[in-house]
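Reading the structure
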2 protein chains.
Amino acid sequence: MNSQSGGDLRAFFEPSSIAVIGSLREWGGLGYTVIKNIRQFNFTGRVYPINPSSNEAFGLKVYRDVGAVQDPIDLAIVITPTKTVSGIIEQCAQKGVKAAIIVSDGFAETGESGARLQRELVKIGQRTGLRIVGPNTIGTLNTDNGLVTNPYFISYDKILKGNIAYCSQSGIVGAQGQPLKDQAYPISKMCDLGNKCDVNEVDLLNYLSQDPQTRVIVMHIEDIKDGHKFINTVRKVVARKPVLLLKPGRTERGAKASASHTGSLSGSERIYNAAFRQAGAIRLNTWREFWEIPRVFVNQPLPKGNRIAIITITGGVGVASVDTAEECGLAVADFSPVTVNRLSRLSPQLASNPVDVGPIIPTLDNPWPVLEETIAAVLDDPNVDCVTATLYISSGEEIPVYMDIFDRLMKNITKPVSIWIYGTDLGAMQELLRKLQERGLPAYLDIELAIKSLAVAAYYFKVKSNLDLD
Amino acid sequence: MNSQSGGDLRAFFEPSSIAVIGSLREWGGLGYTVIKNIRQFNFTGRVYPINPSSNEAFGLKVYRDVGAVQDPIDLAIVITPTKTVSGIIEQCAQKGVKAAIIVSDGFAETGESGARLQRELVKIGQRTGLRIVGPNTIGTLNTDNGLVTNPYFISYDKILKGNIAYCSQSGIVGAQGQPLKDQAYPISKMCDLGNKCDVNEVDLLNYLSQDPQTRVIVMHIEDIKDGHKFINTVRKVVARKPVLLLKPGRTERGAKASASHTGSLSGSERIYNAAFRQAGAIRLNTWREFWEIPRVFVNQPLPKGNRIAIITITGGVGVASVDTAEECGLAVADFSPVTVNRLSRLSPQLASNPVDVGPIIPTLDNPWPVLEETIAAVLDDPNVDCVTATLYISSGEEIPVYMDIFDRLMKNITKPVSIWIYGTDLGAMQELLRKLQERGLPAYLDIELAIKSLAVAAYYFKVKSNLDLD
């Protein structure tokens, strides 16, 4: 393995030129699909298709091998039969290619003979300085330059540019496996580490820590190569950016399944938990949390404490929200006398937390100013660190009203707000959800996620404050 | 309070005639909206609008008061100002109305003077035998006869007829607060108990236990009037049908919020937890679980044990699934030699659990028969009690193929299957989801829900078996 720091990974995410080495058979060839995807997302660099038996693909000249390309190549994407890979990697190294993503599978994840082939790759890398992501990976994605190394068909052509880096050890976290467009995840980079024969979670954390496009790092990780180094790196990165971890293999049987999937062993759950906490990482429990919780860090200030105000339109959910808040480490704020006064002027029923605007909304011809003033009042309260607001929607008509309210509220905001949307028309709910999310607001269809996202942000603020004191 | 058993609640759900007492002002009058909703859902009984200042509504004659109606009235829906309610309830009792749903609020939930008004209602009920649901409730819903007592505008006109009874102590669980149509919840009855001045959770459980349309009872409950009686009733009902409970007020602060919302006190979390478990109830943690988990009981056999087979299209999710399964009490099945053989014939890679069909699907021109045979093989295995299958969708094209596969598989099914849908097109994912759900299959967009639903079903089978032995 190379000893260089994370800065070296630039070729994997920011290459000026890439070689795509694989089958160029139309509709089915994996090299063909990679190039198709790259063009679909308007990659800004040069692309060199490599295949000994084609002459032309996508109007581009096809080269017999990487050596035949005159220009320098930053990144090679290798999707050829397992046994051909080490030869091709050797050619790449000789050509001076800086980095290779080995999409091909059949290596350590399949048993001893595959592991032997994988060790050959490692040796070439060590001897020549060529860095490798994979094998057995779908590689990287960068919304800033349109790079996508995914060898599977992607049914959409746009991904929201944003600040979340989604990292994984599985192809599930990829453009071919998620409705990235429909869900409006604001993405900076993505990376599937695959079998991690060279580049591993530590390298990736170091790179993303320096990446100006990335504000929050989320990582699905099954095994950790060097626990001590990983924890030290996380701690260092957490001082700059939040690190959220989804670590399966929690149960003994899960750990066993992980071993057969990636060809490495995962460690003891108890040790991981303690180490993650010590390093200031945030541990996630479900795939939904993996995708959704990071939104809270995208476009909002951190809460400076753990006191939450909950604005609900239903008493029943208010009660459940209090439970969720307390269970994930938030405290229900006691409003200041000024706020109690301000809310009481709207209605005496509104003067306690959770604030249930449900009973008064149906009595008003125009309830929107009351809702807006309620949110503004609790945001202004010095006893409040963060707010969850509830938006009810029964048709598309409320959407522009809600968007206007949040446009005004967000102008001078110093505290984070998360939003829970509920209502009767799933299509309208999802449209409002997407519109709010596209503006960088943490909006959810699950009240528990809306509250937990703030708890995670408050936790991160506390961790960061403590690290700053170190 | 009346001492009659649950059978008495029939008038609340199966009335032949109803009186709607409230404002008939068009677009805004709550009585008007109730009648509008009732007509929208094609209620099969007779409807009598009651209002002293109207003559006609919806082409129906309006009566000055219930006494003016000649025909018998089974159910009165009362949505009038707080102070008028007890007089109207007295009139209903004199008329011989069997049951009243008091939608009006302003009673015990607002403080002592409201509590006093509520006690008046209780006294009338006790003296006359009139049963009351509420006050402060949106009342009942019955998909079998189109009854809906909801005083709020409902933006859709169809609810899937099914076997789940959703009960609550909050208006959030209502047609005006949920996309019941879009989510295809298969509903038999719904009931918001409100302040529970008369009819309470025990009465409701007894009624639903006998209801032939209801196969599973889900209840959101904030406070329990008589803990001992409730637990005994749950235990009795569980012998017939699963009872799933979402009980907020878990934290001290949540309990306090609950008290101010419904005007009663909730008990200690630890005691509830032990008592629920002892009674064989299933405790839910989130609103998403409340709505989604019951689907597993709708149209499938119970698992006869806790051994799960997981069919995945991605190794990473396979590992996470194993964790989820083990954490919620399932065991990952060890396949029998016959199954290992049968799967190996498809591909040697498929012969272990979780079965990851991901690597071989892209290599096949027609992967569907392999997927179907994989599911069939694990369903046939005597070492397998239940199955979670993963369906990937990138466009609407796969939908008819998947529907056909499950039509065939479901024909002679003796074990439950839950389905996790993932993919790249949210619209297509939701269409497939809805189609599978409409056929009574527990299909989800969250793998954790797909697995937990089977764990809940396996737990219920175990509980029921033990109760049967009592």
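Our structure is the block above this text.
Here we summarise the structure given alongside this text. Note that the coordinates shown come from a computational prediction; the quantities given were computed from them, not determined experimentally.

1. Some thoughts on the sheet that holds strand β5 (residues 75-79) of chain A
Residue and element names in this part refer to chain A. Spatial strand order, β2-β1-β5-β6-β7: five strands in an open sheet with parallel pairing. Looking at the sheet topology across the chains shown, the edges are occupied by β2 (46-50) and β7 (131-133). Each adjacent strand pair in this sheet contributes to an overall mean axis angle of 20°, direction not counted. Where strand β6 (residues 99-102) lies against β7, three bridges are found, and the strand directions are parallel. Looking at β7, one finds that Ala 100 is bridged to Ile 132.

2. So, the interface of chain B and chain A
Listed by partner, the interface residues are 59 residues for chain B and 59 residues for chain A. Summing both sides of the interface, chain B and chain A together bury roughly 4300 Å²; the carbon and sulfur share of this comes to 54%. For chain B, the biggest contributors to the area lost against chain A are Arg253(B), Val319(B) and Thr424(B); these three give 15% of the whole. For Arg288(B), the salt bridge goes to Asp446(A), with nearest N and O atoms at 2.8 Å. Joining chain B to chain A, the criterion identifies 14 residue pairs in polar contact (both at pLDDT 80 or more). Elements represented by at least two residues in the side of chain B that touches chain A include exactly α5 (180-183), α8 (252-262), α10 (287-292), α11 (315-327), β19 (417-423), α15 (426-438) and α16 (447-469) of chain B. For the side of chain B that touches chain A, the element with the most residues is α11(B), which contributes ten residues.

3. Some points on the environment of Ser54(A)
Residues and elements named next belong to chain A. As for its position among the elements, Ser 54 is in the loop between β2 and β3 (56-57). The sequence separation of Ser 54 and Val 238 amounts to 184 residues, and the corresponding C-alpha distance is 48 Å. Not counting residues within four places of it along the chain, the set of residues in contact with Ser 54 comprises Leu 24 and Val 62.

4. Some remarks on the pairing of strand β8 (residues 139-142) of chain B
Residue and element names in this part refer to chain B. Sheet analysis places β8 next to strand β11 (residues 187-192), joined by four bridges and oriented antiparallel. Looking at the pairing, Leu 141 lines up with Met 190 of β11. The pairing of β8 with strand β9 (residues 147-148) spans two bridges and is classified as antiparallel. Each bridged residue has a counterpart across the sheet, and for Asn 142 the counterpart in β9 is Leu 147.

5. Comments concerning the relation of the copies chain B and chain A
If you rotate chain B by 180° and push it 0.0 Å along the axis, it lands on chain A with an RMSD of 0.0 Å. On the angle and the small slide along the axis, the relation comes out as a two-fold axis. If distances are taken from each C-alpha of chain B to the rotation axis, the shortest is found for Gly427(B), at 4.8 Å. Mapped onto chain A, 100% of the interface residues of chain B again fall at the interface, so both copies present the same surface.

About the criteria used
- Residues numbered from 1 in each chain as written.
- Chains lettered and ligands numbered in written order.
- Predicted model: local features only at pLDDT ≥ 70, side-chain atom pairs only at ≥ 80, totals over all residues.
- Heavy atoms only, no water.
- Pairing = 2+ DSSP bridges.
- Helix = DSSP H or I, 4+ residues; strand = E, 2+ residues; numbered from the N terminus.
- Axes fitted to C-alpha atoms, helices over the stretch in contact; angles between N-to-C directions.
- Contact = heavy atoms within 4.5 Å.
- Buried area = accessible area lost by both parts, 1.4 Å probe.
- Salt bridge = Lys/Arg side-chain N within 4 Å of Asp/Glu carboxyl O.
- Polar contact = N/O pair within 3.5 Å; in protein donor to acceptor, adjacent residues only side chain to side chain.
- Least-squares fit on C-alpha atoms with pLDDT ≥ 70 in both.

The quantities given are spatial measurements derived from coordinates; they are silent on function.
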